[in-house]
Amino acid sequence: MDKVYKHQEVEKKWYAFWEKEGFFTPKTDPKKKPYTIIMPPPNANGYLHIGHAAFLTLEDIMIRYHRMKGEVTLWLPGADHAGILTQVVFERKLEKEEHKSRFDLGREEFVRRSMEFTLKNKEVMERQMKAIGASCDWSRESFTLDPKFNKPIYQTFKNLYDDGFLYRDFRMINWCVRCSTALSDLEVVYKEKKDPLYYIKYGPFVLATVRPETKFGDTAVAVHPQDRRYQKYIGKEIKAEGLLGKFSLKVIADQAVDPKFGTGVVKVTPAHDPDDFAMGQRHHLEVKQVIDFDGRLNNKTGPYKGMTVEAARKKTAEDLKKKGLIEKIDFNYSHNVAVCERCQTIVEPLVSLQWFIKTKPLAQRAMESVKKGEIKFKPERFEKNFFIWMENIRDWCISRQLWWGHRIPVWYCGKKNLSQLQLLMNPELTKIKDEGCGEIIVSAKTPQTCPKCLKTNLIQDPDTLDTWFSSGQWPYTTLGFAQDDGRDFEYFYPTSVMETGYEILFFWVARMIMLGLYSTGKVPFKLVYLHGLVRDAFGQKMSKSKGNVIDPLTVIDEYGADSLRMSLVYGTSVGSDVKLSEKKIEAMRNFGNKIWNMARFIKMNMEFFEKNNKKFNPDINYLPKNSDDKNLLKKFKMLTKLITKNMDTYRFAPVAEILYNFLWHELADIYIEKVKERLKNNDYEALNTLYQAYMTCMVMLHPFMPHITEEINKKLTGENAKPLIITPWPKNER
RNA sequence: GCUCGCGUAGCUCAGAAGGCCUAGAGCGUUCGGUUCACAUCCGAAAGGUCCCUGGUUCAAAUCCAGGCGCGAGCACCA
């Protein structure tokens, strides 16, 4: 055996061997129960980071353990086209490298280039996954934008529509001016911002606002119904002086007004504020749009037309001041502003025609399944979070004005029913003259003619689906549901575990449960295992700008994949964030070195034994008489039981710690030191006891450190050794 | 505002169902050790009112209540 363990050679060699031998591809057997994990597909818009390494390690541990238990084990890998995020990343790249926008390329070319970019990333990610040692079934690898998934995804869309769970409506959506698309509520984050709060004279009132530029869209003034100060105005019209001259507005009373905020009077702008929109609906107010989708004021704003929101705010405030219409300005006001999660641009609430999923009934069913225990959460506390969100769920806007993603499977007869926004975002559509009959056709297959007027002038909805709509169906689409070959679906669905980050519990897990139940009638998985974030040694989020990122490939190159894997598991607890430092990885590398040297020591003693005696035949059932040996085996038996119990309950960190401590601080530090003399005297009992305890540890350590244990196994048991990857997990009773 | 999590050695964290805790590990620190598997090592040591206050209990780091301090999620402010 080499004096030093050479991870670079060994790890590559074993991965190639496992893959070549086909150990990653399960042999389905109707008599056996399957164990299935669908890998959360990493976003193919960059390379894998340490967080990916963490979940790949956890899932690989689960998979390897169950494979060793003899179950039909499938780990299905994949990659996500990641709609908006990839489009943002690629647009930035395009801007930076070629000074071009998506419109410069045109839709077709933009999609082609994005695909090229994505597939290239995907390839790199595959190599990274292999370097980590992920024993997933590459023959079933899936990519969310693979055309074969269009059929089931479109079918789900159509079914939802036919069942009345899908509708198209004018609603207030979150509009990202930079991305030029609607966002779901989940894709919006709030940032605290300090903005001047203007107290504006408004006829008989003074009211406070941070958005004077939306004043042109005001269609009412609101007060709280019980506010004594303003009772006499409720229901009346007031006259006021504004930037565009005199105007009059109705005064309404609404519970949503907080009498304690500002002066207790609110200007109502239904077209540009979510609360005002809701108020407008309650009081049947006119929705008067004054800001367009390009983030600029429109022709209803007179001289302010064409200004950006930011510029118009300054200018209107200035002009109001000049006209003596500002009473005071509070410069210390700070509030939360909605920004696009992906590009951080301030979100503009706008009303537009979009597709929505009616989520309440789907959520109801999802909650019932969880209540019945068909799906369990680990750690359990996330179950509560799940319920809170599901109970308060709002309809899900699934149409995006993006080009990168699944095109919405809706066709319109002529352009009559295309929205203004869609025409704006897709200049080529404006050239079409044919108004058509306006029929809306929702179909899983591309229709040829309009069923109503029989014309062939059908235009597909130019919008794409929210990326989570397709990934929400991942557990069954990847298994061939509603496709030509559904055998995998029949055998492997529902899957066993969904292992993913707690930060996408709502984005993804909840939607998979809702859509899985809706489409297949069954839960998509039985256990949701949620892991935490990987942070740096000080608990900070890793980011390129902070310069504290740990790159998995660099680490693997220097310390080996096994060291990295072990350091991502050791000393962690389920659902909590993991703090990782290079020191920790180094410590685990040292552990690898330790077990390597233990192997060398055992090998040396085996050779010494054989030089002086006959062949050394390890005997797992041999019962030693020596009390040191007996005590060791007794203790070891207890630990084996404990380890198995922890493996079965997904508590991997204690297993890593038990093995670490037993191997190093009991077997090496104490037992080996004790038996050195006996080994010199060719004591079979001592050698066999050491060998059995050590090798069984290697078997149990294999899911954690697969490469080094496989190499040691071969070195100690010879050329014809059965690979550890398919060695049965130790029995508990012996 | 609502909800959840955390607070244990200098640092990062284990300690699930109360007694095997006279509270552990890794890193760091100090001292000693190189022929005998391993300096990526071995031996030893220092270092802790287990956030605070009450309660339950024969017994609390662990359970309960309150407080303080951090972090996260959700809601959202005109």
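Refer to the structure printed above.
None of the values given here were measured: they were computed from a predicted structure. (Residues numbered from 1 in each chain as written. Chains lettered and ligands numbered in written order. Predicted model: local features only at pLDDT ≥ 70, side-chain atom pairs only at ≥ 80, totals over all residues. Heavy atoms only, no water.)

Caption draft 1: Representation of the pairing of strand β24 (residues 495-501) in the model. Within β24, seven of the seven residues are buried, which leaves it mostly tucked inside the rest of the structure. On the question of chirality, the crossover connecting β24 to the parallel strand β25 (residues 525-531) by way of helix α16 (residues 505-520) is right-handed. (Buried < 20%, exposed > 50% of the residue type's maximum accessible area, 1.4 Å probe, protein only. Helix = DSSP H or I, 4+ residues; strand = E, 2+ residues; numbered from the N terminus. Right-handed = clockwise from strand over helix to strand, strands pointing away.)

Caption draft 2: Quick peek at the sheet that holds strand β8 (residues 197-202). The strand order across the open sheet formed by three strands is β9-β8-β14, and the pairing between neighbours is antiparallel. Unpaired on one side and paired on the other, β9 (205-209) and β14 (326-330) mark the two borders of the sheet. Strand after strand, the sheet turns through a mean of 20° between neighbouring axes, direction not considered. Both β8 and β9 contribute to a ladder of five bridges, which runs antiparallel. Note on β9: the bridge partner recorded for Lys 201 is Val 206. Those strands touched by helix α8 (residues 309-322) are β8 and β14, and its axis lies near 135° from that of β14. (Pairing = 2+ DSSP bridges. Axes fitted to C-alpha atoms, helices over the stretch in contact; angles between N-to-C directions. Contact = heavy atoms within 4.5 Å.)

Caption draft 3: Just the protein's contact with RNA strand B, in detail. Around RNA strand B, a shell composed of 45 residues is seen, among which Phe 261, Tyr 333, Asn 336, Lys 579 and Trp 664 lie nearest. The backbone of Asp 258 places a nitrogen or oxygen atom 2.6 Å from a base nitrogen of RNA strand B. Broken down by element, the residue count for the surface near RNA strand B peaks at 11 residues, all from helix α19 (residues 582-612). (Near = heavy atom within 4 Å. Polar contact = N/O pair within 3.5 Å; in protein donor to acceptor, adjacent residues only side chain to side chain.)

Caption draft 4: Representation of the packing of helix α9 (residues 360-371) against helix α10 (residues 381-391) within the structure. At a closest axis distance of 9 Å, the pairing of α9 and α10 adopts a crossing angle of 155°. With respect to each other, α9 and α10 are oriented roughly antiparallel. Handedness of the crossing formed by α9 with α10: left-handed. In this structure, α9 uses Lys 360, Ala 363, Ala 366, Met 367, Val 370 and Lys 371 to contact α10, whose residues at the interface are Glu 383, Phe 386, Phe 387, Met 390 and Glu 391. Grouping the constituent residues of the contact of α9 with α10 by class yields seven nonpolar, no polar and four charged. (Parallel < 35°, antiparallel > 145°, perpendicular 65-115°, else oblique. Left-handed = near helix turned anticlockwise from the far one by under 90°. Nonpolar A, V, L, I, M, F, W, Y, C, P; charged D, E, K, R; others polar.)

Caption draft 5: Just the pattern of salt bridges, in detail. Applying the stated criterion across every chain yields a total of 41 salt bridges. Linking Glu 19 and Lys 130 is a salt bridge whose minimum nitrogen-to-oxygen distance equals 3.3 Å. Placement of the pair is Glu 19 in helix α1 (residues 7-21) and Lys 130 in helix α5 (residues 107-132), with a sequence separation of 111 residues. Given a relative accessible area of 33%, Glu 19 falls into the partly exposed group. The class for Lys 130 is partly exposed, based on a relative accessible area of 28%. Of the charged contacts, one joins Lys 674 and Asp 628 as a salt bridge, the two residues approaching to 3.7 Å between their closest N and O atoms. (Salt bridge = Lys/Arg side-chain N within 4 Å of Asp/Glu carboxyl O.)

Caption draft 6: Broad picture of the pairing of strand β11 (residues 237-242). Residues Ile 238, Ala 240 and Gly 242 point to one face of β11 and are all buried, whereas Glu 237, Lys 239 and Glu 241, pointing to the other face, are not buried. Taken together, the six bridges between β11 and strand β12 (residues 245-253) define a ladder with antiparallel strand orientation. The partner of Ile 238 across the bridge, within β12, is Leu 249. If you look at the hairpin formed by β11 and β12, you'll find two residues sitting between the two strands.

Caption draft 7: Region of interest: the packing of aromatic side chains. Overall, the coordinates contain 46 aromatic pairs when judged by the stated rule. Ring centres of Phe 616 and Tyr 684 lie 5.7 Å apart, and the angle between their planes is 55°; this geometry places the pair in the tilted category. Of this pair, Phe 616 sits in the loop between α19 and α20 (627-648) while Tyr 684 sits in helix α22 (residues 684-701); the two residues are 68 residues apart in sequence, bridging distant segments of the chain. Look at Phe 616 and you get buried, because its relative accessible area is 2%. When its relative accessible area of 21% is taken as the criterion, Tyr 684 is described as partly exposed. Here the aromatic cluster, defined as three or more aromatic residues joined through ring pairs, consists of Phe 90, Phe 103, Phe 110, Phe 117 and Trp 403. Across from the ring centre of Trp 403, 5.3 Å away, lies the NZ or CZ of Arg 102, which sits over that ring. (Phe/Tyr/Trp six-rings, centres within 6.5 Å; stacked < 30°, edge-to-face > 60°. Lys NZ or Arg CZ within 6 Å of the ring centre and 35° of its normal.)

Caption draft 8: Quick look at α8. In this model α8 runs 20 Å from its N-terminal to its C-terminal C-alpha over 14 residues, within 8% of the 20 Å that 1.5 Å per residue would give. Buried within α8 we find Val 309, Ala 312, Arg 313, Thr 316, Ala 317, Asp 319 and Leu 320. In this structure, the buried side of α8 is in contact with β8, β14 and β16 (347-357). In the segment just after α8, Gly 324 is the residue with positive phi, at about 75°. (Expected span 1.5 Å × (residues − 1).)

Any link to function would need more than the numbers given here.
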